[in-house]
There are 2 protein chains.
Amino acid sequence: MAGHGARGRSGGRPTLEEVAARAGVGRGTVSRVINGSPRVSEATRAAVEAAVAELGYVPNTAARALAANRTDAIALVVPEPETRFFAEPYFSDMLRGVGAALSDTEMQLLLTFAGSDRKRQRLAQYLAAHRVDGVLLVSVHADDPLPDMLDRLDIPAVISGPRSADESLTSVDSDNYGGARQAVEHLLGRGRRSIAHITGRLDVYGAQRRIDGYRDALREAGHEVDELLIEPGDFTEEGGRRAMAALLERRPGLDAVFAASDVTAAGARHALREAGRTIPGDVALVGYDDSAIARHMDPQLTSVRQPIEEMGRSMIDLLLTEIADRRPAVSRGLERRHVVLPTELVERSSS
Amino acid sequence: MAGHGARGRSGGRPTLEEVAARAGVGRGTVSRVINGSPRVSEATRAAVEAAVAELGYVPNTAARALAANRTDAIALVVPEPETRFFAEPYFSDMLRGVGAALSDTEMQLLLTFAGSDRKRQRLAQYLAAHRVDGVLLVSVHADDPLPDMLDRLDIPAVISGPRSADESLTSVDSDNYGGARQAVEHLLGRGRRSIAHITGRLDVYGAQRRIDGYRDALREAGHEVDELLIEPGDFTEEGGRRAMAALLERRPGLDAVFAASDVTAAGARHALREAGRTIPGDVALVGYDDSAIARHMDPQLTSVRQPIEEMGRSMIDLLLTEIADRRPAVSRGLERRHVVLPTELVERSSS
DNA sequence: AGGTACTGTGGGAGCGCTCCCACAAGTGAT
DNA sequence: ATCACTTGTGGGAGCGCTCCCACAGTACCT
């Protein structure tokens, strides 16, 4: 096979040039057909398509990437160790949505963990090498340097869960505020009067929004907010347990708990059991995420569902748009977009 | 920058050529340094490395891929819809192991779902285009054409969970047979005498091995195997429920159940509850996978743990070896390797 | 008739790298 | 001194594609 030795290749895959020869046209024309350019006559297009089919031609992506300076791949960057990522069902659900949305596309999904400093280092290099056309960021802490780095490198990026109210990156989020309100209003509707809240990690914007929703729901229902019923958690089970214990000590009379995640609720449940409280008899419990845990908990957990799959889809849409927008010109100053999707309360037996 | 128009690029990344100029050497020499060739003098190497550092040079992977015919990427192919993949914790755990193992490498991980026919089609194209250096296959049914296709395309591949005893692909698996034995022996040790087994999908080799382990453990303990205590499941919760109901109907006196997965066990638990049986009082329950579900179940589920992270690592090791072996020559007929890793029983309150 | 415009097409140049051949310089055996 | 290696190096050619310029052909104005 031509060139300087067939380097261990197997079948000698057909090239653009061969397709062109076969179809009796020039290289440029084949390229135009492959890329769906409108400036090709119907007859020529048909001839080329026939040749492509006969030869089983598949474009060489490396060559395309080199020539066109794009990669047809995006990276899902997880700035956490692998362990953490998979411990929270939120992530796998998100990944599923992204995967589904991406399967309608030619884009490939790269999974990248940036948990340790060494991995961060490598990731920075990787991104600097422009090996992906865009980046999806999930679960970013308020002080993470990654988003700014992406901005500096001028790499299209979409973040799930903005870092603040004026996030500089395009973002997708569920309605944390509204979701929290739903949960609290539900508990109020069931006649609960002393509703505690175990928060998420306070450096996560979404957790703050849930606190806001909790507060406003109470206030608008004419209740006063008792700050001692709010206890910080960290989205983990152990955190939920600790927070619940603290709450029980401080406000033994509480009759409901809204936890910022299902995992937190699971921890709270343990603490409640240990304290001899029944669920939902003594204390009603509502979680957040509607993950698998909610269905497996005993009693089954009422929880706020986020449309995670839709969020994944949305992220992909936005990212692809950004990539497409950026391609033709150096059109800086794109309008940032922020999508917020509604939540839904799934009622089960814990409340 | 140079060429036919700076196509929207931002910083004008340095090229090999520029590094060479800076270091006062030829292009070939820089390439040799970058790729760690030993045929470079110490002085030259140092000079090149300095130039690389000064310029912040990062090799362009597309160019490398084109010239060298490799991609430095591997694909994790999941021949299931996204939904199924993430419903079973087994997969996310596996993915975590793979991710961890890969982070010591320059290799990138691509996540590919091949659930629908259309995706299959695309995947086939993708693989035919040799866009990855190797493939990791998980959860493959006995009749899946994918493995053979990979074999034909001569793409290095490692499969997790071989399809049969004489799997043609290099494989990694946990000791399904031994794990099942551990579970049954444990139940026997607790004085249980009528032990049922809800199997996995019967077209999965590992499920068969678990049945074998179940049978042999009973036989070697001097018990006779009651075929009516074996009921097929399909690894799902609903399947577990159905199977358990059937078993209770047929053998109401059973006092223990070994389920082929934790999810199955969760289903069985529901059916047991509905039938008024207590766990572990009336019936002891043992699962398989030791997933998050096991810890969240009530009562907490005794389960057989597979060293999934280690399996992921092992798969990567084997795959990288295959890729490396294949690179230099057309060395066909590589010896297939099959790694089997031990399991461990995690005892909790359900047994 | 000449101009202007647009449509469709061919092919040169170039993307940034790896591979390999050529060759200089050194080393040691004959 | 000649030959035969070995070690280190430079640079041409080529990977398969996209981009863009050039140009033929046709259409529609003045």
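These numbers were taken from a predicted model, which means no experiment stands behind them.

Engineer: Can you explain the packing of helix α1 (residues 16-23) of chain A against helix α2 (residues 27-34) of chain A? Please cite residues and give values.
Structural biologist: Residue and element names in this part refer to chain A. For the pair α1 and α2, the least separation of the axes is 8 Å and the interaxial angle reads 105°. Here α1 lies roughly perpendicular to α2, going by the angle between them. On the side of α1, the interface is formed by Leu 16, Glu 17, Val 19 and Ala 20, while α2 contributes Arg 27, Val 30 and Ser 31. When its residues are assigned to classes, the contact of α1 with α2 shows four nonpolar, one polar and two charged.

Engineer: Quick one: what's the story with unusual backbone geometry, residue by residue and with numbers?
Structural biologist: All names here are of chain A. Of note, the amide linkage connecting Ile 279 to Pro 280 takes the cis form, showing an omega dihedral of 0°. We note that Asp 289 has phi near 125°; this positive angle belongs to a residue other than glycine. For Asp 289, the position within the fold is in strand β9 (residues 284-289).

Engineer: Before we move on, could you go through the protein's contact with DNA strand D and cite the residues and values that matter?
Structural biologist: The environment of DNA strand D is made up of 30 residues, and the closest members are A:Leu16, A:Tyr57, B:Thr29, B:Arg32 and B:Thr44. Here the atoms of DNA strand D within 4 Å of the protein split so that 64% fall in sugar or phosphate, with bases taking the remainder. A:Asn35 places a side-chain nitrogen or oxygen 3.1 Å from a phosphate oxygen of DNA strand D. Separating a phosphate oxygen of DNA strand D from a backbone N or O atom of B:Ser41 is a distance of 2.9 Å. Within the residue set of the surface near DNA strand D, elements represented by two or more residues are α2 and α4 (61-68) of chain A together with α2 (27-34) and α4 (61-68) of chain B. Here the surface near DNA strand D takes five residues from α4(A), the largest share from any one element. Along the lines of polarity and charge, the residues of the surface near DNA strand D split into 11 nonpolar, 12 polar and seven charged.

Engineer: Would you mind going over the interface of chain A and chain B in detail, with residue names and values included?
Structural biologist: With 56 residues of chain A at the contact, the number on the chain B side is 56 residues. Surface buried jointly by chain A and chain B totals about 4700 Å² across both partners, of which 55% is contributed by carbon and sulfur atoms. In this structure, the connection of chain A to chain B is made through seven salt bridges. Between A:Arg269 and B:Asp298 there is a salt bridge whose closest N-O contact spans 3.5 Å. Where chain A touches chain B, the interface holds eight residue pairs in polar contact (both at pLDDT 80 or more). By residue number, the principal contributor to the side of chain A that touches chain B is α4(A), which donates seven residues. Considered class by class, the residues forming the side of chain A that touches chain B number 22 nonpolar, 18 polar and 16 charged.

Engineer: Give me the lowdown on the pairing of strand β4 (residues 157-160) of chain A, citing residues and values where you can.
Structural biologist: All names here are of chain A. With burial as the criterion, each face of β4 is covered, one bearing Ala 157 and Ile 159 and the other bearing Val 158 and Ser 160. Pairing of strand β3 (residues 134-138) with β4, which is carried by four bridges, proceeds in the parallel orientation. Residue pairing for β4: Val 135 is matched across the bridge by Ala 157. Traced from β3 through helix α8 (residues 146-153) to β4, the parallel crossover comes out right-handed. Where β4 and strand β5 (residues 170-174) come together, three bridges link them in parallel fashion. The residue bridging Ile 159 from the neighbouring strand is Ser 171, located in β5.

Engineer: Quick rundown of the packing of aromatic side chains? Include the residues and the values.
Structural biologist: All names here are of chain A. Scanning all chains against the criterion turns up two aromatic pairs over all chains. Between Phe 258 and Tyr 288, the ring centres sit 6.3 Å apart and the planes meet at 45°, which makes this aromatic pair tilted. Taken together, the residues span a long stretch of sequence, with Phe 258 in strand β8 (residues 256-259) and Tyr 288 in strand β9 at a distance of 30 residues. Grouping residues by exposure puts Phe 258 and Tyr 288 together as buried. Across from the ring centre of Tyr 288, 3.7 Å away, lies the NZ or CZ of Arg 210, which sits over that ring.

Engineer: If you had to explain helix α11 (residues 237-250) of chain B to someone new, which residues and values would you point to?
Structural biologist: Residues and elements named next belong to chain B. In a regular helix each residue adds 1.5 Å, so 14 residues correspond to 20 Å; α11 covers 20 Å between its end C-alpha atoms and thus fits that length. Gly 239, Gly 240, Ala 243, Met 244, Leu 247 and Leu 248 are the residues of α11 that are buried. Seen from one end, α11 has its buried residues packed into an arc of 160°, which puts them on one side. Exposed positions of α11 whose direction lies more than 90 degrees from the buried face are Arg 242 and Glu 249. Tucked inside the fold, the buried residues of α11 contact β6 (195-198), β7 (230-231), β8 (256-259) and α12 (262-274). For α11, the capping residue at the N-terminal end is Thr 236, with a side-chain oxygen 2.9 Å from the backbone nitrogen of Gly 239.

Engineer: Describe the relation of the copies chain A and chain B, listing the residues and the values that go with them.
Structural biologist: When chain A is brought onto chain B, the operation consists of a screw motion whose angular component is 180° and whose axial shift is 0.1 Å, with 0.2 Å RMSD remaining. The superposition of one copy onto the other is thereby described by a two-fold rotation axis. When you check the interface residues of chain A against chain B, 100% turn up at the interface there too, and the contact is symmetric in its surfaces.

Engineer: Tell me about the protein's contact with DNA strand C, residues and numbers included.
Structural biologist: Not every one of the 31 residues close to DNA strand C is listed here, only the nearest: A:Thr29, A:Arg32, A:Thr44, B:Leu16 and B:Tyr57. Per the 4 Å cut-off to the protein, sugar and phosphate atoms form 65% of the nearby atoms of DNA strand C. Measuring from a phosphate oxygen of DNA strand C, one finds a backbone N or O atom of A:Gly26 at 2.7 Å. Measuring from a base oxygen of DNA strand C, one finds a side-chain N or O atom of B:Arg27 at 2.9 Å. It is α4(B) that contributes the most residues to the surface near DNA strand C, five residues altogether. Here the surface near DNA strand C is composed, by residue class, of 11 nonpolar, 12 polar and eight charged.

Engineer: Give a detailed account of the UniProt feature "domain: HTH lacI-type" (unreviewed entry) in chain A, specifying residues and quantitative values.
Structural biologist: Those residues carrying the UniProt feature "domain: HTH lacI-type" (unreviewed entry) are residues 14-68 of chain A in this numbering. The straight-line gap between the two end C-alpha atoms of residues 14-68 of chain A is 20 Å; of that span, 69% is helix and 0% is strand.

Engineer: Quick rundown of the sheet that holds strand β10 (residues 302-305) of chain B? Include the residues and the values.
Structural biologist: Within a beta sheet, neighbouring strands are joined by backbone hydrogen bonds and run either parallel or antiparallel to one another. All names here are of chain B. Pairing is mixed in the open sheet, where six strands are placed in the order β7-β6-β8-β9-β10-β12. This sheet does not close on itself; its edge strands, each paired only once, are β7 and β12 (344-346). As defined by bridge partners, β6 adjoins β7 across two bridges and the pair is classed as parallel. The residue bridging Ile 198 from the neighbouring strand is Glu 231, located in β7. Most of the contacts of helix α10 (residues 205-220) go to β6, to which it runs at about 170°, and overall it touches β6, β7, β8 and β9 (284-289). Those strands touched by α12 are β6, β8, β9 and β10, and its axis lies near 155° from that of β9.

Criteria and thresholds
Residues numbered from 1 in each chain as written. Chains lettered and ligands numbered in written order. Predicted model: local features only at pLDDT ≥ 70, side-chain atom pairs only at ≥ 80, totals over all residues. Heavy atoms only, no water. Axes fitted to C-alpha atoms, helices over the stretch in contact; angles between N-to-C directions. Helix = DSSP H or I, 4+ residues; strand = E, 2+ residues; numbered from the N terminus. Parallel < 35°, antiparallel > 145°, perpendicular 65-115°, else oblique. Contact = heavy atoms within 4.5 Å. Nonpolar A, V, L, I, M, F, W, Y, C, P; charged D, E, K, R; others polar. Near = heavy atom within 4 Å. Polar contact = N/O pair within 3.5 Å; in protein donor to acceptor, adjacent residues only side chain to side chain. Buried area = accessible area lost by both parts, 1.4 Å probe. Salt bridge = Lys/Arg side-chain N within 4 Å of Asp/Glu carboxyl O. Buried < 20%, exposed > 50% of the residue type's maximum accessible area, 1.4 Å probe, protein only. Pairing = 2+ DSSP bridges. Right-handed = clockwise from strand over helix to strand, strands pointing away. Phe/Tyr/Trp six-rings, centres within 6.5 Å; stacked < 30°, edge-to-face > 60°. Lys NZ or Arg CZ within 6 Å of the ring centre and 35° of its normal. Expected span 1.5 Å × (residues − 1). Arc of directions from axis to C-beta. Least-squares fit on C-alpha atoms with pLDDT ≥ 70 in both. UniProt positions renumbered as here; feature names shortened; annotations may be inferred.

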